[in-house]
Structures are given as structure tokens and as C-alpha cells.
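Here is what each chain is made of, one letter per residue.
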Amino acid sequence: MLRRNVRLRREYLYRKSLEGKERLLYEKKRKIREALEEGKPIPTELRNEEAALRQEIDLEDEHTAVPRSTIDDEYANATHRNPKIILTTSRDPSAPLIQFVKELTLVFPNAERMNRGGQVISEIIETYRSHDYTDVIVAHEHRGVPTGITISHLPFGPSAYFTLSNVVTRHDIKDKKAIGKMSEAYPHLILDNFSTKLGQRTANILKHLFPVPKVDTKRIITFANKLDEISFRHHVYEKRGGPKSVDLKEIGPRFEMKLYKIKLGTMDQEEAPLEWISRPYMNTAKKQKFLG
């Protein structure tokens, strides 16, 4: 199994190394295609390669015209099977963090909770990669307060790092009568205001933690972005009387998330390149929005 993982990782890195060459070839074909469509002369630097490139253009279709990237490969099989998630904590978790992770296990369908014990991250990643899990989620804390969550997609990444704030678990919600029963149905997702390229990337990471729901599911999970802070809310609804009368109940937990890093690899790969990271000077650019 170890040799197989090494081979798969080597193939993944090889595909990634080809992206620059494929992008250059794609740009050459695009220039020739535009010149032919607009009736303009072929660019001088491409005239020696025109015949070979035009032959390749004639063989292309809508699926091969645009080069694929490693990002396409990361979630290529996501539509073929439901996600399978393992949830764990940092070492020596406090009671509030354990309670928080228990509730997250109910939030994500097909999720299992694992007691961290003395295991290191590399052991956890290797174990659950070999058992065909799709994601590892690790919750972190500071003095008994959940402060962070890391989502690492298997087998090869990406890994998204979020800070947490204003965490309110189900048993901490004061209005007990308003809390609905925890549903185990696959939820509908609302992903609001993820309009930039980084926002779409973040939304893609989050949405692949959930399987496709049935049409009549009455469970809703919301990720709403405002000023680069993502609000997580969890509700169920019931129709009352007419079609426009809906009774909405929060079932918790609720919290705010803020993305600070995306790494092209799993959590245990310290050498993996960074796709995006929040820098201190970015906080001064108040008008700049990264997610939407």
C-alpha cells in the first residue's frame, strides 16, 4: 500500500509539472484559432508550428480544448461517490472542544469522530487515505475555546485553514424551545457571495464535504460570506398552511469562519506549495475583498 501511495503521489506531481507546458501550448492554439476566425495573418513566431498546431486543433473537442489542471484532478471523482469524512481534534482536547466535534459529526453526513490520542498528523493522513476517506477535518482550540478548523482533502489535497470565532454549540443556545431536532438527512447548501476566483475555490472545498441531497430534504446549511468572514448556520424548516408560510428552526451549531491559508497538499506535507495565504499587510486594504 505504501509503494502504491508513493507511485500515485509521483504521478500527481508529474501531472502538475506539465501544467506550464500545457498552458503554453494552449495559448499558441488560441492565437492561431483567433487569427483564423478573424481572418488575420498567423503571428510570426507561430508560423513554423502552424501546420502541427492546426492539425491538433482539428482533433480537439469541447472537453480537450481547455487544458486540465491539478485542481480539476483534486475533485474529479467527487460526483461518483459520497464524501467520507474523519473528524478529530488537536492533542489533549478539552471538554468543550470534544463537544464541538461531536456536533460537527452530526453536521457532516457520513462523518466519523476519532479520538486523537498520541497519533501524529502524518499517521492519521496515511491511515485514512489507505481506507479511501475523502477528507480529514481537525478542530483546534485555545484555552477551551474552539479557534480553528483545518479541512484536508484526500488523497493529495488541497488543505484549507480557517479561524473560528463566536462558536455557539447546540447545548449553549439559550432558547431551547426554538432548537429543532437534529436531522440526519443530506442537507441543501446555500453558498452566498463567493464571487471571486478565491471565493469559488473556497466554496468548492466546502461544498464537496456534503453529498447531493434529495429534493424534498428540509435541512439547510448556509455558508454566507460577508467582508471575507463566513457565517455558518444550520436550520430545518416546515411548511405551515400555505406555500409561503414556513417555520424555520435553528438546530446549531453556529460560528464564523475566516480563511487564512490554502495549501496544495495534505496537512502533513510541509513542503507543499501555498496556493493562497493571508498576509499582515492585507488587513490594511479595507476595500479589497478576497472571497466576494
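All of these numbers come straight from a predicted model, not from anything done at the bench. (Residues numbered from 1 in each chain as written. Predicted model: local features only at pLDDT ≥ 70, side-chain atom pairs only at ≥ 80, totals over all residues. Heavy atoms only, no water.)

Some thoughts on the packing of aromatic side chains
Move 1: What the rule picks out here adds up to eight aromatic pairs.
Move 2: Consider the rings of Phe108 and Phe210, whose centres lie 5.2 Å apart with planes at 35°: the pair is tilted. Of this pair, Phe108 sits in the loop between α5 (95–107) and β2 (111–113) while Phe210 sits in the loop between α7 (197–207) and β7 (219–226); the two residues are 102 residues apart in sequence, bridging distant segments of the chain. Of the two residues, Phe108 and Phe210, both sit in the buried class. (Phe/Tyr/Trp six-rings, centres within 6.5 Å; stacked < 30°, edge-to-face > 60°. Helix = DSSP H or I, 4+ residues; strand = E, 2+ residues; numbered from the N terminus. Buried < 20%, exposed > 50% of the residue type's maximum accessible area, 1.4 Å probe, protein only.)

Examining unusual backbone geometry
Move 1: In this structure, the amide linkage connecting Leu154 to the following residue, Pro155, adopts the cis form with an omega of 15°.
Move 2: Residue position: Pro155 is located in the loop between β4 (145–153) and β5 (159–168).
Move 3: Going from Gly252 to Pro253, the amide bond is cis rather than trans, its omega being -5°.
Move 4: Of note, Pro253 is situated in the loop between β9 (246–250) and β10 (254–263).
Move 5: For Arg143, which is not glycine, the phi torsion reads 55° and is therefore positive.
Move 6: Position of Arg143 among the secondary structure elements: in the loop between β3 (135–142) and β4.
Move 7: Here Asn193, not a glycine, exhibits a phi torsion of approximately 65°, which is positive.
Move 8: Among the secondary structure elements, Asn193 is positioned in the loop between β6 (188–192) and α7.

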